[in-house]
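# Overview (structure and organization)
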Amino acid sequence: MGTWNIWHFVVFIAVAGLGVLNARSADKKNPGQRAAIAGYGGWLIVLSVFLIFWGAQELGEFYRVKDQIETLVPSALGNPKYHEYMRYAMSMAWFETLLLLACVFLLVRRETASTIKAVIAALWIAGPISASAELAMANSYFGEYLLEQDYSSLAATTLFAATWTCYLLVSRRVKNTYGETTRPQEGAL
């Protein structure tokens, strides 16, 4: 997932907060009516903003690392193994980003239970599965030299995917918006 600094969190919290406030004001205007997807607030905007930030962070981290390697290890530019690794890493970063953006598109355009299942699958593919693949790829090309950051990325993406999976499976709000994703659970969030 890359490295987040304080500005990432501030912008994320501000945009998510605006979405929640927008949803609450829409609920007060139309009490008792199920919020339409066009309202696009609350949990949906929080998840969408999170997915967009995650995708942007993946690309930003790839290009940051690429620039650092080329600056700090100029001999890498003459190494075919480095160029091969960068092609694969760039493909992975763009794949993850496009997958996460496709999830945002799906969340906005489709109100079915299969949408939530597809988003959950994408979270695990773009998260722990991709982080594991990147870790294995870096280990195969460079050994233990570049792996310190990758372990934290694996842990972070697993945590995020697990958290959102639990929310998407048990939340009453998700069920109200997208229908039943699993068997009904009494008293869910």
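Residues numbered from 1 in each chain as written. Predicted model: local features only at pLDDT ≥ 70, side-chain atom pairs only at ≥ 80, totals over all residues. Heavy atoms only, no water.

### Let's talk about a nonpolar patch on the surface
Formally: Patches here: salt-bridge-free residues with over 30% relative accessible area, like charges joined within 9 Å, nonpolar side chains (Val, Leu, Ile, Met, Phe, Trp, Tyr) joined within 5 Å. The method behind every accessible area is Shrake-Rupley, applied with a 1.4 Å probe, and residues are considered shielded solely by the protein chains displayed. We define a salt bridge as a contact between a side-chain nitrogen of Lys or Arg and a carboxyl oxygen of Asp or Glu at a distance within 4 Å. Comment: elements are numbered from the N terminus, with helices defined as DSSP H or I runs of at least four residues and strands as E runs of at least two. Categorising residues by exposure relies on relative accessible area from a 1.4 Å probe, with only protein chains included: less than 20% of the type maximum marks a residue as buried, more than 50% marks it as exposed, and the intermediate range marks it as partly exposed.
On the surface, I52, Y63, M90, W94, L98 and L101 cluster together to form a nonpolar patch covering roughly 530 Å² of accessible area. For the nonpolar patch, the element with the highest residue contribution is helix 3 (residues 80-109), accounting for four residues. With relative accessibility at 37%, the residue L101 sits in the partly exposed group.

### Topic: the nonpolar core
So the rule is basically this: Only buried Ala, Val, Leu, Ile, Met, Phe, Trp, Tyr and Cys residues count toward a nonpolar core, and they belong to the same one when joined by side-chain atoms within 4.5 Å.
Ranked by internal contacts, the top residues of the largest apolar core, which has 27 residues, are W43, L47, L51, L107, I116, L123 and L168. Residue assignment for this core shows that the elements contributing at least two residues are helix 2 (43-72), helix 3, helix 4 (113-142), helix 5 (148-170) and helix 6 (172-178). Sorting elements by how many residues they give to this core places helix 2 first, with ten residues. Grouped together as the second largest cluster of nonpolar side chains are twelve residues, F62, Y82, Y85 and M86 included.

### What to know about the packing of helix 2 against helix 3
Counted only if it meets this: An axis is simply a line fitted to the C-alpha atoms; with a helix, the fit covers only the stretch in contact. Between two such axes, the angle follows the N-to-C directions and lies from 0 to 180 degrees. Each angle gets one of four labels, with under 35 degrees taken as roughly parallel, over 145 as roughly antiparallel, 65 to 115 as roughly perpendicular, and the rest as oblique.
Interhelical geometry of helix 2 versus helix 3 gives an angle of 170° and a closest axis separation of 9 Å. As summarised for this structure, helix 2 and helix 3 are arranged roughly antiparallel, according to the angle between their axes.

### Thoughts on the environment of R110
Applicable threshold: Should any heavy atoms of two residues lie within 4.5 Å, those residues are considered in contact.
Mapped onto the elements, R110 comes out in the loop between helix 3 and helix 4. As for R110 and Y178, which are separated by 68 residues in sequence, their C-alpha atoms are 8.2 Å apart. Not counting residues up to four positions away in its chain, the partners in contact with R110 are T115 and Y178.

### Concerning the confidence of the model for the protein chain
Counted only if it meets this: pLDDT expresses, on a scale from 0 to 100, how confident the predictor is about each individual residue.
Averaged over every residue, the pLDDT of the protein chain is 76; the share at 70 or more is 69%. For the protein chain, helix 1 (residues 6-29) is the element with the lowest average pLDDT, namely 62, and helix 3 is the one with the highest, namely 89. Low pLDDT, under 50, characterises residues 33-39; the stretch is placed with eleven contacts to residues that sit more than four places away or in other chains. This stretch, residues 182-189, has a pLDDT under 50; its non-local contacts, to residues over four places away or in other chains, come to nine contacts.

### Topic: the environment of G60
Position of G60 relative to the elements: it lies in helix 2. With 33 residues separating them along the chain, G60 and A93 place their C-alpha atoms 9.1 Å apart.

### Some details on the pattern of salt bridges
Using the criterion set out here, one finds two salt bridges in the structure. Two residues, E61 and R64, come together in a salt bridge whose shortest N-O distance is 2.5 Å. Within this pair, E61 and its partner R64 are both found in helix 2, separated by three residues, close to a single helical turn. What makes R64 partly exposed here is its relative accessible area of 32%. For the salt bridge of K66 with E70, the shortest nitrogen-to-oxygen distance reads 3.0 Å. Of this pair, K66 and E70 both sit in helix 2, separated by four residues, roughly a single helical turn. For E70, a relative accessible area of 24% corresponds to the partly exposed category.

### So, the environment of G42
By the secondary structure assignment, G42 is in the loop between helix 1 and helix 2. The sequence separation of G42 and R173 amounts to 131 residues, and the corresponding C-alpha distance is 9.3 Å.

### Remarks on the packing of aromatic side chains
We count it as follows: Ring pairs are drawn from Phe, Tyr and Trp, using the six-membered ring of Trp, whenever the two centres fall within 6.5 Å, and their geometry is named by plane angle: stacked under 30 degrees, edge-to-face over 60, tilted for the rest.
Considering all chains together, one arrives at five aromatic pairs under this definition. Between F50 and W164, the aromatic rings sit 6.0 Å apart at their centres with planes inclined by 35°, giving tilted as the arrangement. You can see F50 sitting in helix 2 and its partner W164 sitting in helix 5, a full 114 residues away along the chain. Across the pair, exposure class does not vary: F50 and W164 are buried alike. Aromatic pair W164 and Y167: ring centres 5.9 Å apart, planes at 85°, arrangement edge-to-face. Placement of the pair is W164 and Y167 together in helix 5, with a separation of three residues, close to one helical turn. On the accessibility criterion, Y167 (19% relative accessible area) is buried. Members of the aromatic cluster, joined through ring pairs, are F50, W54, F160, W164 and Y167.

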